Amino acid sequence: MPDTDTAAGAAARAQEQRPLKLSEPLKVGPYTLRHRVVMAPLTRSRAGQPGNVPAPLNACYYAQRASAALIITEATQVSLQGQGYAWTPGIHSREQVEGWRRVADAVHEASGLMFMQLWHVGRISHPSLQPDQMPPVAPSPVKPNAETFIENERGEGELAPCVTPRALQLEEMPYLVRQYWRGARNAMKAGMDGIEVHAANGYLLDQFISSGTNRRTDEYGGAPAQRARLLFEVLDSVCEACGPQKVGVRLSPLSTFNDMHDDDPEATFAYIAGKLNDYGLAYLHIVNPATASVERGVPPEERAQRMIDLIRRTYRGVLMIAGGFNGQSAEHWLEAGTADLIAFGRPFIANPDLPARLFAQAPLNTPDPATFYGGGERGYTDYPSLAQERGEAPKAVIDDRWR
Ligand code: FNR
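Rules used throughout
- Each chain has its residues counted from 1, running along the sequence as written.
- The predicted origin of the model limits local features to residues at a pLDDT of at least 70 and limits the giving and counting of side-chain atom pairs to 80 or more, whereas totals for whole chains, interfaces and linings rest on all residues.
- Heavy atoms from the whole structure form the basis of all side-chain values; hydrogens and water molecules are not counted.
- We call a residue near a molecule or strand whenever a single non-hydrogen atom of that residue lies within 4 Å of it.
- Whenever a nitrogen or oxygen atom comes within 3.5 Å of another N or O atom, the pair is scored as a polar contact, on the condition that within protein one atom can donate a hydrogen and the other can accept it, and that pairs from neighbouring residues in sequence are kept only if both atoms are in side chains.
- Gly is placed with the polar residues, together with every amino acid not listed as nonpolar (Ala, Val, Leu, Ile, Met, Phe, Trp, Tyr, Cys and Pro) or charged (Asp, Glu, Lys and Arg).
- The pocket and cavity definitions rest on a 1 Å grid over protein atoms only: a 1.4 Å probe that fits but cannot leave marks a cavity, an open set with protein on both sides within 12 Å along at least five of seven lines marks a pocket, and residues lining either have an atom within 4 Å of a point.
- Grid points are joined across faces, edges and corners, and a volume is the space filled by probe spheres set on the points.
- Starting at the N terminus, helices and strands are each numbered in turn, a helix being any DSSP run of H or I of at least four residues and a strand any DSSP run of E of at least two.
- Two distance rules govern patches: like charges are joined within 9 Å, and nonpolar side chains (Val, Leu, Ile, Met, Phe, Trp, Tyr) within 5 Å, applied only to residues with over 30% relative accessible area and no salt bridge.
- Accessible surface is estimated by sampling points in the Shrake-Rupley manner with a 1.4 Å probe; for residues, cover comes only from the protein chains shown.
- A pair is scored as a salt bridge if a Lys or Arg side-chain nitrogen falls within 4 Å of a carboxyl oxygen belonging to Asp or Glu.
- Charged-residue counts in this description rest on Lys and Arg as positive and Asp and Glu as negative, His and the chain ends being excluded.
- A single reference atom marks each charge: NZ on Lys, CZ on Arg, CG on Asp, CD on Glu.
- Relative accessibility under 20% of the residue-type maximum defines a buried residue, over 50% an exposed one, and the middle range a partly exposed one, all with a 1.4 Å probe and only protein chains included.

Student: When you look at the site of the ligand in this model, what are you seeing that I'm missing?
Tutor: Residues in contact with the ligand amount to 17 residues; listed here are only the nearest, Thr43, Arg250, Gly324, Gly345 and Arg346. Pro41 places a polar main-chain atom, nitrogen or oxygen, 2.8 Å from an oxygen atom of the ligand. One nitrogen or oxygen atom from the main chain of Ala75 is found 3.1 Å from an oxygen atom belonging to the ligand. Partitioning the shell around the ligand into residue classes produces eight nonpolar, seven polar and two charged.

Student: Explain the layout of surface pockets to me, please; I cannot follow it from the model alone.
Tutor: The gaps of empty space that remain are located by a probe, the size of a water molecule, rolled over the atoms. Size it by volume and the largest pocket reaches roughly 1,200 Å³. Along the walls of the largest pocket sit 43 residues, with Leu42, Asn201, Phe257, Arg346 and Tyr373 positioned nearest its centre. For the lining of the largest pocket, the elements supplying multiple residues, two or more each, are β6 (114-119), β8 (147-151), α9 (291-296), β15 (341-344) and α12 (346-350). Taken together, the residues that form the lining of the largest pocket break down as 23 nonpolar, 16 polar and four charged.

Student: Any chance you could explain a positive patch on the surface here in plain terms?
Tutor: A cluster of basic side chains, namely Arg94, Arg178, Arg185 and Lys189, defines a positive patch on the protein surface. When residues of the positive patch are assigned to their parent elements, the largest contribution, three residues, is made by helix α4 (residues 173-189). Following the sequence through the fold, Arg185 ends up in helix α4. Classification of Arg185 as partly exposed rests on a relative accessible area of 34%.

Student: Would you explain the environment of Arg316 in this entry?
Tutor: Assignment of secondary structure puts Arg316 in the loop between α10 (302-314) and β14 (319-322). Residue classification places Arg316 among the exposed positions, given a relative accessible area of 69%. Along the primary structure Arg316 and Gln179 are separated by 137 residues, whereas in three dimensions their C-alpha atoms are 29 Å apart.

Student: Help me out: how do you make sense of unusual backbone geometry in this one?
Tutor: Trans peptide bonds make up the majority, and among non-glycine residues the majority have a negative phi. Cis geometry marks the peptide bond from Gln49 to Pro50, where omega comes out at 0 degrees. Mapped onto the fold, Pro50 is located in the loop between β3 (37-39) and α2 (56-64). The phi angle at Ser111 is positive, at roughly 65 degrees, despite the residue not being glycine. Here Asp132, not a glycine, exhibits a phi torsion of approximately 55 degrees, which is positive. When you line up the elements, Asp132 lands in the loop between β6 and β7 (137-138).

Below is the structure:
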């Protein structure tokens with residue numbers, strides 16, 4: 001009779017010896033990713049001033065994280081109007097393209113791969129960040145119960161409530177689409193390997209997608225196909241700029257972040273996921289509607305689970321999921337076939353060598369939320385790698401190259 005303890009032990013050992021699914025390569029568009037651990041897009045509000053231009057310190061930060069299967073840059077505004085927080089980088093000026101080129105070069109030198117997340121914040125902004133101090137724009141004049149992060153008179157960061165936005169006029173829509181096209185083209189000029197369209201987390205494209213923020217009666221409002229029209233026009237234009245295989249898109253179904261709501265998210269996101277099949281994109285990236293439960297180590301609540309299943313069933317391409325993962329839950333989701341790639345946000349802030357730590361099942365550094373937005377090297381480029389912690393590598397030195 002088998003001894004159950006021994007059998008369980010043997011199973012656990014076999015499990016341990018089996019290569020992790022997380023460490024398996026995957027073809028994504030024209031690239032072969034070395035493994036499945038992606039760096040999620042992370043706003044850090046540390047772009048060089050004036051002009052929101054990526055600085056050498058930003059290049060250092062990204063190069064430190066080049067062992068990610070893919071780095072998705074922090075959200076990067078496609079225009080002045082697209083900015084919603086202090087000190088976030090843009091991709092609309094010549095200086096910004098040059099700044100990003102230094103970042104892309106540093107990441108490539110360290111054998112990394114990098115997509116730029118293209119961003120327009122819509123109503124999640126503040127007149128102090130807008131051209132001529134104008135109100136931010138949105139599909140409809142619906143004031144968000146949300147805050148943004150602005151620079152005060154003393155040059156410090158400060159939270160400020162969002163205001164009632166101005167509804168975009170129909171005549172402005174082609175201009176908006178053009179901003180994304182220019183962003184994609186500039187990203188490629190800067191040497192990015194692709195782009196990700198940010199259609200998540202309550203920013204402009206999500207504001208059009210969701211019925212709670214889109215009260216329009218023209219062809220950009222109404223049924224899911226109309227609310228998603230701007231997203232698909234943007235996708236058409238960025239695909240023209242850099243080819244669909246180098247384009248990803250991020251969505252956040254069921255999220256209430258930034259005061260979002262949709263009357264029938266299942267219908268909305270089934271429509272979008274289905275239509276995305278026509279594009280042959282690099283990937284679809286979903287912000288896990290079950291983030292909180294995954295983080296707590298409990299199964300996702302039923303609606304979140306059904307939403308993920310719906311998207312997995314409907315979308316036939318590479319599916320990336322982000323939100324609340326550790327090594328174990330990521331492996332479980334890949335094993336179960338729920339996702340093809342897992343993106344890590346906060347763990348990547350605190351662990352520049354996150355893939356190596358996950359593969360070795362080594363302990364992780366804890367991120368410090370006080371240094372997430374704004375500031376300098378502290379909480380940005382000074383988290384140690386495993387080798388540095390063990391004294392096997394010199395401490396990160398930010399030399400003149402990165403200043
Ligand atoms: C974020 N997130 C985010 N999402 C996005 O699409 N673009 C962005 O620029 C940012 N910026 C950002 C900054 C910071 C400091 C945090 C903590 C989060 C969301 C992020 O990509 C991810 O979805 C969440 O952090 C959840 O994943 P983790 O952190 O649980 O792995």
